[in-house]
Amino acid sequence: MTVIRVGEADIRRAEEMRIQVLTEAFIDKSMRRDHASFLASHMPDSVNGLITMIMQTWIIRVDGRVIVVDPCNGNGRARAGATAMFNNLNTDFLERFRATGTDPADVSYVFCTHLHCDHCGWNTQARDGHWVPTFPKARYLFVRKEYDRWDPNRIGHVAVDFNVGVFEDSVRPIVEAGLADLVPEWHQFSPSLQIEPAPGHTLGHAVLHLTSANKEAYFVGDVLHHPVEIARPEIDVAADDKEMSIATRKRLLERLADSGALCLPAHFAEPHGGYVRRAADGYRFEALA
Ligand SMILES: [Zn+2]
């Protein structure tokens, strides 16, 4: 069990699954032709036109609390279209979660950077034909702006085919169980932990900022999907608002480089996180040792 330490915080990781996506999701063919050496140094994991993305949850122990960030896809969901690879999953995620030494009943807070299917699924689990909270004693922190963006009952709701059903099976049951806190996009909920806005990928996307004993980390969710976006922040995958997503990424990269904070995204392959350093032509990624 690898433990990452940031100040007095203890950070662990539970993996649900890994998927392979087309490199073209990030880089189009002409860019690949023109930037062969760039890709060799920035996407060394790109083999046969495929890169690996990890579905993983971060578990933080700090301030005497246990915080779960982005609880993956969950088992037994009906998913279709672009997220068909997550349809009716039956993984042993909860066993891996427990193998980190964490009992779901000991979790104090659950934070979803956003409400795409791969970031909130294990909010719930199926029991006797109902969706019940996986973390029964936790407060689930939903940024109100993000919650409103996905609430299908809101007037003007814009659905996307890859996220149909997620609110119903992974969000609403938490509200009905009385465990949801709808919070502002700037929200300090523990001495060391603050939610901060990072909109674009989704309209209410937020990040979690950890500060402990003068050390910092950011759990950046899908502001970054792959290290290539650190070197080329204008590369973007599907987003609610592409321009906003790129502006947010640039702002966060600057903050990460200036602060020396550890960057822990949702989907990076091994070693799953690292540091953003300034380079002559922008930024470069320094992977965790
Ligand atoms: Zn994601």
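Residues numbered from 1 in each chain as written. Predicted model: local features only at pLDDT ≥ 70, side-chain atom pairs only at ≥ 80, totals over all residues. Heavy atoms only, no water.

## Describing the overall build of the protein chain
1) Next: On a plain count of helices and strands, the protein chain comes out with eight helices and 16 strands.
2) Next: Over its C-alpha trace the protein chain gives a radius of gyration of 18 Å, about what one expects of a compact globule, namely 19 Å for 289 residues.
3) Next: Dimensions of the protein chain, computed from the C-alpha atoms along their principal axes, are close to 55 × 45 × 35 Å.
4) Next: Taking as baseline every contact in the protein chain between residues at least 6 positions apart, the subset at least 24 positions apart corresponds to 67%.
5) Next: With an accessible surface of roughly 12,500 Å², the protein chain has 50% of that area assigned to carbon and sulfur atoms.
6) Next: One finds the centroid of the 31 positive side-chain charges in the protein chain at a distance of 2 Å from the centroid of its 39 negative side-chain charges. (Helix = DSSP H or I, 4+ residues; strand = E, 2+ residues; numbered from the N terminus. Rg over C-alpha atoms; globule rule 2.2 N^0.38 Å. Contact = heavy atoms within 4.5 Å. Areas by Shrake-Rupley, 256 points an atom, 1.4 Å probe, with all protein chains shown as cover. Lys, Arg positive; Asp, Glu negative; His and termini not counted. Charge placed at Lys NZ, Arg CZ, Asp CG, Glu CD.)

## A short note on the environment of D10
1) Next: Tracing the backbone through its elements, the reader meets D10 in strand β2 (residues 9-22).
2) Next: Placed 189 residues apart in sequence, D10 and P199 show a C-alpha to C-alpha distance of 27 Å.
3) Next: Contacts of D10, omitting those with residues within four sequence positions, involve V3, I4, R5, I59, I60 and R61.
4) Next: Looking at D10, its side chain comes within polar contact range of the side chain of R12, at 2.8 Å. (Polar contact = N/O pair within 3.5 Å; in protein donor to acceptor, adjacent residues only side chain to side chain.)

## Overview of the coordination of the zinc ion
Ideal geometry at a metal centre: 109.5 degrees between donors when four sit tetrahedrally, and 90 or 180 degrees when six sit octahedrally.
1) Next: Surrounding the zinc ion are the protein donor atoms D118 (OD), H119 (NE2), D222 (OD) and H267 (NE2), at 2.1 to 2.2 Å.
2) Next: One can describe the donor arrangement at the zinc ion as irregular, given that its four donor atoms subtend angles of 85 to 161 degrees at the metal. (Donors = N, O, S within 2.8 Å, 3.2 Å for Na, K, Ca; no water. Tetrahedral: all angles 85-135°; square planar, octahedral: opposite > 155°, others 65-115°.)

## Some points on the pattern of salt bridges
A side chain with one charge can pair with a side chain of the opposite charge if their charged atoms come near.
1) Next: By the definition in use, this model includes 17 salt bridges.
2) Next: When the shortest N-O distance is used, the salt bridge between E15 and R13 registers 3.0 Å.
3) Next: The partly exposed category is assigned to R13, whose relative accessible area is 23%.
4) Next: Where R278 meets D258, a salt bridge forms, and the shortest distance between an N and an O atom there is 2.4 Å. Of the two residues, R278 sits in strand β15 (residues 274-279) while D258 sits in helix α8 (residues 242-259), which places them 20 residues apart along the sequence.
5) Next: Classification of R278 as partly exposed rests on a relative accessible area of 47%.
6) Next: Among the charged side chains, a salt-bridge network with shared partners connects R13, E15, R18 and E270. (Salt bridge = Lys/Arg side-chain N within 4 Å of Asp/Glu carboxyl O. Buried < 20%, exposed > 50% of the residue type's maximum accessible area, 1.4 Å probe, protein only.)

## Focus: unusual backbone geometry
1) Next: In this model, E270 is joined to P271 through a cis peptide bond whose omega is 0 degrees.
2) Next: In this fold, P271 is placed in the loop between β14 (262-265) and β15.
3) Next: Positive phi outside glycine occurs at N88, with the angle close to 50 degrees.
4) Next: Topologically, N88 is positioned in the loop between β4 (65-69) and α3 (93-99).
5) Next: Phi angles above zero are rare outside glycine, and N214 is one such case at about 65 degrees.
6) Next: One can find N214 in the loop between β12 (206-212) and β13 (215-221).

## Details of the environment of E24
1) Next: Residue position: E24 is located in the loop between β2 and α1 (29-34).
2) Next: For the pair formed by E24 and P265, sequence separation is 241 residues and the distance between their alpha carbons is 20 Å.

## Concerning the state of the cysteines
1) Next: Scanning the model with the defined rule gives zero disulfides in all.
2) Next: This cysteine, C72, is not joined by any disulfide, and C112 carries the nearest cysteine sulfur, 10 Å off.
3) Next: In this structure C72 comes out as buried when scored by relative accessible area, which is 0%.
4) Next: C72 provides the cysteine sulfur closest to C263, a residue in no disulfide bond, and the two sulfurs are 17 Å apart.
5) Next: Owing to a relative accessible area of 0%, C263 belongs among the buried residues under this scheme. (Disulfide = S-S within 2.5 Å.)

## Re the packing of aromatic side chains
1) Next: Summed over all chains, the structure comprises ten aromatic pairs.
2) Next: Ring plane angle 50 degrees and centroid distance 5.5 Å describe the contact between F97 and F135, whose orientation is recorded as tilted. Taken together, the residues span a long stretch of sequence, with F97 in helix α3 and F135 in the loop between β7 (130-133) and β8 (139-143) at a distance of 38 residues. Per residue, the accessibility class of F97 equals that of F135, and both read buried.
3) Next: A network of ring pairs unites the aromatic residues F93, F97, W122, F135, Y140, F142, Y147 and F167 as a single cluster.
4) Next: Looking at R149, its charged tip hangs above the ring of W150, at a distance of 3.6 Å from the centre. (Phe/Tyr/Trp six-rings, centres within 6.5 Å; stacked < 30°, edge-to-face > 60°. Lys NZ or Arg CZ within 6 Å of the ring centre and 35° of its normal.)

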